[in-house]
Amino acid sequence: MGAMMPGMKTEVRNRLLLRIDGMQLMLPQGDVCAVESVADLNSENALAPSVGRITYLGQSWPVLSLNGELQTLDSIPAARRACVMLATGKGFLGLLCDDVRVLNQQSGSDYALPAAMRTANTPIQAIMPFENSLACLSDARHLLRYGAFAQVTSGHLEKEYV
């Protein structure tokens, strides 16, 4: 990251910070269609790996509950208060989180994922120092290809979920 020269512009882009357990996950604001309340979640007859469904734009959509390591949970931790809705291309998918904040971030503050964290299937694309810790950066495209997200959005399960 170089020094700013006079007259240079920095691109400012909004990101959403999702807190899930101790993990801070940043997504581009445009990847999140809506933020709903966990109180609106219907957990009756939930089809795994989802923990329930939430109504958005007049239809019912599956919702995932993950831990801070992005592993699927079959329950809803008490700390989960919000549900972010991600567009899948064929519908929507909810992700439970503890907290959601809109941030204005300048480009150039992202760092490549360390080699030890790079795996073929990680949805994390970069890291960034944030509030005396690190935030993981991803986007809906990478999340939807990962783990339970991919299971819910895959074509052969589409009718059951979406």
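Description of the structure in this document. (Residues numbered from 1 in each chain as written. Predicted model: local features only at pLDDT ≥ 70, side-chain atom pairs only at ≥ 80, totals over all residues. Heavy atoms only, no water.)

**Concerning the packing of aromatic side chains**
Considering all chains together, one arrives at two aromatic pairs under this definition. Here the aromatic rings of Tyr-56 and Phe-92 are separated by 4.9 Å at their centres, their planes lie at 85°, and the arrangement is edge-to-face. Here Tyr-56 is found in strand β4 (residues 52–56), whereas its partner Phe-92 is found in strand β7 (residues 92–97), with 36 residues between them in sequence. Phe-92 shares its class with Tyr-56; the two are buried. Residues Trp-61 and Phe-92 carry aromatic rings whose centres are separated by 5.4 Å and whose planes lie at 75° to one another, so their mutual orientation is edge-to-face. Of this pair, Trp-61 sits in strand β5 (residues 59–64) while Phe-92 sits in strand β7, and the two are 31 residues apart along the sequence. One exposure class covers both Trp-61 and Phe-92, and it is buried. (Phe/Tyr/Trp six-rings, centres within 6.5 Å; stacked < 30°, edge-to-face > 60°. Helix = DSSP H or I, 4+ residues; strand = E, 2+ residues; numbered from the N terminus. Buried < 20%, exposed > 50% of the residue type's maximum accessible area, 1.4 Å probe, protein only.)

**Overview of the nonpolar core**
In this structure, Leu-18, Leu-25, Leu-27, Leu-86, Leu-95 and Phe-149 are the most contacted members of the largest nonpolar core, which totals 27 residues. Residues contacting Leu-18, with those up to four places away along its chain left out, are Met-23, Gln-24, Leu-25, Leu-27, Val-84, Leu-95, Cys-97, Asp-99 and Val-100. Core analysis: the second largest hydrophobic core is formed by twelve residues, Leu-41, Tyr-56, Met-85 and Leu-96 among them. (Core = buried A, V, L, I, M, F, W, Y, C linked by side-chain atoms within 4.5 Å. Contact = heavy atoms within 4.5 Å.)

**Thoughts on unusual backbone geometry**
Here the amide bond leading from Ala-48 into Pro-49 is cis, since omega sits at 10°, within 30 degrees of zero. Residue placement: Pro-49 occurs in the loop between β3 (32–37) and β4. In this structure, Leu-70 takes a positive phi of about 60° despite not being glycine. Mapped onto the secondary structure, Leu-70 falls in the loop between β5 and β6 (82–87).

**A word on the pairing of β5**
As defined by bridge partners, β4 adjoins β5 across five bridges and the pair is classed as antiparallel. Bridging from a neighbouring strand, Tyr-56 pairs with Gln-59 of β5. Between β4 and β5, which pair antiparallel in sequence order, lie two residues; one of them, Leu-57, sits at a positive phi of approximately 55°. Relative to β7, β5 is paired through two bridges, and the arrangement is parallel. Of the residues in β7, the one forming a bridge with Leu-64 is Leu-95. (Pairing = 2+ DSSP bridges.)

**Remarks on the sheet that holds β4**
The strands making up a sheet associate through hydrogen bonds between their backbones, and the pairing can be parallel or antiparallel. The strand order across the open sheet formed by five strands is β3-β6-β7-β5-β4, and the pairing between neighbours is mixed. Only two strands of the sheet have a single neighbouring strand rather than two, namely β3 and β4. For this sheet, the mean inter-axis angle between neighbouring strands, taken without regard to orientation, is 35°. Examined bridge by bridge, β6 and β7 share six bridges and lie antiparallel to one another. (Axes fitted to C-alpha atoms, helices over the stretch in contact; angles between N-to-C directions.)

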